[in-house]
Amino acid sequence: DAGITQSPRHKVTETGTPVTLRCHQTENHRYMYWYRQDPGHGLRLIHYSYGVKDTDKGEVSDGYSVSRSKTEDFLLTLESATSSQTSVYFCAISAGGTITEAFFGQGTRLTVV
Amino acid sequence: GDSVTQMEGPVTLSEEAFLTINCTYTATGYPSLFWYVQYPGEGLQLLLKATKADDKGSNKGFEATYRKETTSFHLEKGSVQVSDSAVYFCALGNNAGNMLTFGGGTRLMVKP
């Protein structure tokens, strides 16, 4: 199994509070991604990174920011959580280059009350 | 932009029945195509993939053929088992190899 660890696995937070989710990899893969999974929407890309300090927006980036200061860590921050951000968040990694598959973490279930 | 459409579920089958989950895509260029599976409480796992037209991906009895003429990548299995109960996602990889676009997922329930 690819070495991907997400933390925390579960979190309940209040509306308006900041939240940071962490993704840690041990595979030294170039690309890291944050997706959210919601019923009826499949997986939607929030942000991704193609190297240290190199990030770009995905399909649903509003309300989210990311940072990657080391190859192995990719942080997702909700600056001021809203109920619409209640979701399951998945981190994924990929070696990139010619088409290669992505490997996924176990997910973080976030509930904003 | 790129998009993936797959049949809505849930799909409910009896054990040993034949499975088909339809997937069609819209993309420019020559994307790679994937099927991922998600078991309850877990992340997604790659099930199979195909990188060019007419390629057939296969794994664990599942198969899918990359049909460029119909822009499809339907998932099939000849005889499903209860352990195949999961959510299946069709996905498309862009030409640059750095992005996956997912379909909405299809829940499969297999009854003994």
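Look above for the structure.
In this report, the structure presented in the accompanying data block is examined. (Residues numbered from 1 in each chain as written. Chains lettered and ligands numbered in written order. Predicted model: local features only at pLDDT ≥ 70, side-chain atom pairs only at ≥ 80, totals over all residues. Heavy atoms only, no water.)

1. A few points about the packing of aromatic side chains
Piece 1. The tally for this structure, following the rule as stated, stands at 14 aromatic pairs over all chains.
Piece 2. Judged by centre distance (5.7 Å) and plane angle (55°), the ring pair of Tyr36 of chain B and Phe102 of chain B falls under tilted. Remark: Phe102 of chain B occurs in strand β11 (residues 100–102) and Tyr36 of chain B occurs in strand β5 (residues 32–38); sequence separation between them is 66 residues.
Piece 3. Taking the centre distance of 6.3 Å and the plane angle of 90° together, the rings of Phe89 of chain B and Phe102 of chain B count as edge-to-face. Taken together, the residues Phe89 of chain B in strand β10 (residues 86–93) and Phe102 of chain B in strand β11 connect sequence positions 13 residues apart. Like Phe89 of chain B, the residue Phe102 of chain B is buried in the burial classification.
Piece 4. An aromatic cluster is defined as three or more aromatic residues linked by ring pairs; in this entry it consists of Tyr31, Tyr33, Tyr35, Tyr48, Tyr50 and Phe104 of chain A together with Phe34, Tyr36, Phe89 and Phe102 of chain B. (Phe/Tyr/Trp six-rings, centres within 6.5 Å; stacked < 30°, edge-to-face > 60°. Helix = DSSP H or I, 4+ residues; strand = E, 2+ residues; numbered from the N terminus. Buried < 20%, exposed > 50% of the residue type's maximum accessible area, 1.4 Å probe, protein only.)

2. Observations regarding the pairing of strand β1 (residues 4–7) of chain A
Walk down a regular strand and you will see the side chains alternate between the two sheet faces.
Residue and element names in this part refer to chain A.
Piece 1. Only one face of β1 is covered, namely the face carrying Ile4 and Gln6; the face carrying Thr5 and Ser7 is uncovered.
Piece 2. Direction of pairing for β1 relative to strand β3 (residues 19–25): antiparallel, over a ladder of four bridges. When the bridges of β3 are listed, Gln6 appears paired with Cys23. (Pairing = 2+ DSSP bridges.)

3. Details of the interface of chain A and chain B
Piece 1. Counting residues at the interface gives 21 residues for chain A and 22 residues for chain B.
Piece 2. A combined buried area of about 1600 Å² lies between chain A and chain B, and 57% of that area is made up of carbon and sulfur atoms.
Piece 3. Of the charged contacts, one joins Lys49 of chain B and Glu101 of chain A as a salt bridge, the two residues approaching to 2.9 Å between their closest N and O atoms.
Piece 4. In this assembly, chain A and chain B are joined by four residue pairs in polar contact (both at pLDDT 80 or more).
Piece 5. Where the side of chain A that touches chain B is concerned, the elements lending two or more residues are β4 (31–38), β5 (42–51) and β9 (87–94) of chain A.
Piece 6. Class assignment for the residues of the side of chain A that touches chain B results in ten nonpolar, nine polar and two charged. (Contact = heavy atoms within 4.5 Å. Buried area = accessible area lost by both parts, 1.4 Å probe. Salt bridge = Lys/Arg side-chain N within 4 Å of Asp/Glu carboxyl O. Polar contact = N/O pair within 3.5 Å; in protein donor to acceptor, adjacent residues only side chain to side chain. Nonpolar A, V, L, I, M, F, W, Y, C, P; charged D, E, K, R; others polar.)

4. Things to note about the environment of His47 of chain A
Piece 1. As for its position among the elements, His47 of chain A is in strand β5.
Piece 2. Discounting residues that sit within four places of it in the chain, His47 of chain A has contacts with Tyr33, Trp34, Asp56, Lys57, Gly58, Ser61, Tyr64, Ser65, Val66 and Phe74 of chain A.

5. As for the sheet that holds strand β3 (residues 19–21) of chain B
Residue and element names in this part refer to chain B.
Piece 1. Pairing is antiparallel in the open sheet, where four strands are placed in the order β3-β9-β8-β7. Both edges of this open sheet fall to β3 and β7 (56–59), since each of them pairs with a single strand only. Shown here is a sheet whose adjacent strand axes are inclined to one another by a mean of 15°, direction ignored.
Piece 2. Two strands pair when backbone bridges link them, and strand β8 (residues 62–65) and strand β9 (residues 75–77) are joined in this way by three bridges, in the antiparallel orientation. Bridge pairing links Ala64 to Leu75 in β9. (Axes fitted to C-alpha atoms, helices over the stretch in contact; angles between N-to-C directions.)

6. Describing unusual backbone geometry
Piece 1. Put simply, Ser7 of chain A and Pro8 of chain A share a cis peptide bond, and its omega is -10°.
Piece 2. Here Pro8 of chain A lies in the loop between β1 and β2 (10–13).
Piece 3. Put simply, Gly9 of chain B and Pro10 of chain B share a cis peptide bond, and its omega is 0°.
Piece 4. Here Pro10 of chain B is to be found in the loop between β1 (3–6) and β2 (11–14).
Piece 5. One non-glycine residue, Asn28 of chain A, adopts positive backbone phi at about 60°.
Piece 6. Relative to the assigned elements, Asn28 of chain A resides in the loop between β3 and β4.
Piece 7. Judged by its relative accessible area of 61%, Asn28 of chain A is exposed.

7. Focus: the side chain of Gln6 of chain B
Residue and element names in this part refer to chain B.
Piece 1. Checked against the element boundaries, Gln6 lands in strand β1.
Piece 2. With relative accessibility at 9%, the residue Gln6 sits in the buried group.
Piece 3. At a separation of 3.0 Å, a polar atom in the side chain of Gln6 contacts the main-chain amide nitrogen of Cys90.
Piece 4. Sequence-distant contacts of Gln6, defined by excluding residues within four places in its chain, comprise Ile21, Asn22, Cys23, Trp35, Tyr88, Phe89, Cys90, Gly103, Gly104, Gly105 and Thr106.

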